[in-house]
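As a plain string of letters, each chain reads:
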Amino acid sequence: MIQKDYILRMIEQLGKVFARVLLKRNAQKHEEATLDIEKASGEILGIDFSLFDTLSSPAIAELLGISIDPSTGSMKCLIAGRLLKEKADILKLSGKDSASIIQYYQKALYLYLKGMLCLGYTELDLTEWRNDIRMIADILGDSISGDLMIMMRRL
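On a predicted model such as this, the values are computed, not experimentally measured, just so you know.

Quick notes on the rules
- Residues numbered from 1 in each chain as written.
- Predicted model: local features only at pLDDT ≥ 70, side-chain atom pairs only at ≥ 80, totals over all residues.
- Heavy atoms only, no water.
- 1 Å grid on protein atoms, 1.4 Å probe; cavity = no way out; pocket = protein on both sides within 12 Å on 5 of 7 lines; lining within 4 Å.
- Points joined across faces, edges and corners; volume = space filled by probe spheres on them.
- Helix = DSSP H or I, 4+ residues; strand = E, 2+ residues; numbered from the N terminus.
- Nonpolar A, V, L, I, M, F, W, Y, C, P; charged D, E, K, R; others polar.
- Axes fitted to C-alpha atoms, helices over the stretch in contact; angles between N-to-C directions.
- Left-handed = near helix turned anticlockwise from the far one by under 90°.
- Contact = heavy atoms within 4.5 Å.
- Phe/Tyr/Trp six-rings, centres within 6.5 Å; stacked < 30°, edge-to-face > 60°.
- Buried < 20%, exposed > 50% of the residue type's maximum accessible area, 1.4 Å probe, protein only.
- Lys NZ or Arg CZ within 6 Å of the ring centre and 35° of its normal.
- pLDDT = per-residue confidence, 0-100.
- Salt bridge = Lys/Arg side-chain N within 4 Å of Asp/Glu carboxyl O.

**What about the layout of surface pockets?**
- In this structure, the largest pocket encloses a volume near 170 Å³.
- Lining the largest pocket, in full, are Ile11, Leu14, Gly15, Phe18, Arg82, Leu124, Asp125, Glu128 and Trp129.
- Counting residues per element, the lining of the largest pocket draws most heavily on helix H1 (residues 2-26), which supplies four residues.
- Broken down by class, the residue content of the lining of the largest pocket amounts to five nonpolar, one polar and three charged.

**Quick look at the packing of helix H6 (residues 98-118) against helix H8 (residues 146-154)**
- Orientation of H6 relative to H8, taken along the N-to-C sense of each, is 35°, at an axis distance of 10 Å. Read as a crossing pair, H6 and H8 show a hand that is left-handed. Residues Gln106, Leu109, Tyr110, Leu113, Lys114 and Leu117 of H6 form the contact with H8, whose participating residues are Leu148, Met151, Met152 and Arg154.
- Considered class by class, the residues forming the contact of H6 with H8 number seven nonpolar, one polar and two charged.

**Section: the packing of aromatic side chains**
- For the structure on display, the rule yields three aromatic pairs.
- Seen in terms of ring centroids, Phe49 and Phe52 are 5.0 Å apart; in terms of plane orientation they differ by 70°. Their pairing is edge-to-face. Each member of the pair, Phe49 together with Phe52, is buried.
- Taking 5.9 Å as the distance between ring centres and 65° as the angle between the ring planes, the aromatic pair formed by Tyr112 and Trp129 counts as edge-to-face. With a gap of 17 residues between them, Tyr112 in helix H6 and Trp129 in helix H7 (residues 127-140) connect regions that are remote in the sequence.
- The positively charged end of Arg82 is found above the aromatic ring belonging to Phe18, 4.8 Å away from the centroid.

**With respect to the confidence of the model for the chain**
- Residues of the chain with pLDDT of at least 70 account for 95%, and the chain-wide mean is 89.
- Per-element confidence in the chain ranges from a low mean pLDDT of 78 for H1 to a high of 96 for helix H4 (residues 57-63).

**Description of the pattern of salt bridges**
- One pass over the structure, following the stated rule, counts 10 salt bridges.
- In this structure, Asp36 engages Lys24 in a salt bridge whose closest nitrogen and oxygen atoms are separated by 2.7 Å. With Asp36 in helix H2 (residues 30-45) and Lys24 in helix H1, the pair connects residues that are 12 residues apart, well separated along the chain.
- Relative accessible area serves as the criterion here: at 12%, Asp36 is assigned to the buried category.
- Classification of Lys24 by relative accessible area gives partly exposed; the value is 22%.
- As a salt-bridge pair, Asp132 and Arg82 come within 3.7 Å of each other at their nearest N and O atoms. Separated by 50 residues along the polypeptide, Asp132 in helix H7 and Arg82 in helix H5 (residues 70-93) bring together distant segments of the chain.
- Owing to a relative accessible area of 13%, Arg82 belongs among the buried residues under this scheme.

Have a look at this one:
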């Protein structure tokens, strides 16, 4: 029960963050929206956003506890994937470097897939997460690695 409450609290925090991010994104305040995303990484996941830039996708999943506590770790992977996707979306809107955008989308896709594949329960509505996976896959197209394609087939 405590674990479920913790996960629900993380989802609630994520919803509040994205409400703020959406308002700022719609107001063309891309830098402020990006800062909110980066700050949310520390608040919700307990890790500095800069680690997403320096660590590999599997290392991020391990840092989030995917092998220690699959239920909580998978939810943290889903949240991290959402943060990375949103940052990539905002960078794309603001016309930033496409290499970093692709990198964020690739890491987001990996974390989404890892989270979905390790999620120990299905009480949550996963439709939004699945839609994000499809959207990212469409954006990445042929640049999706073989490993990610295999993970996508397992869903």
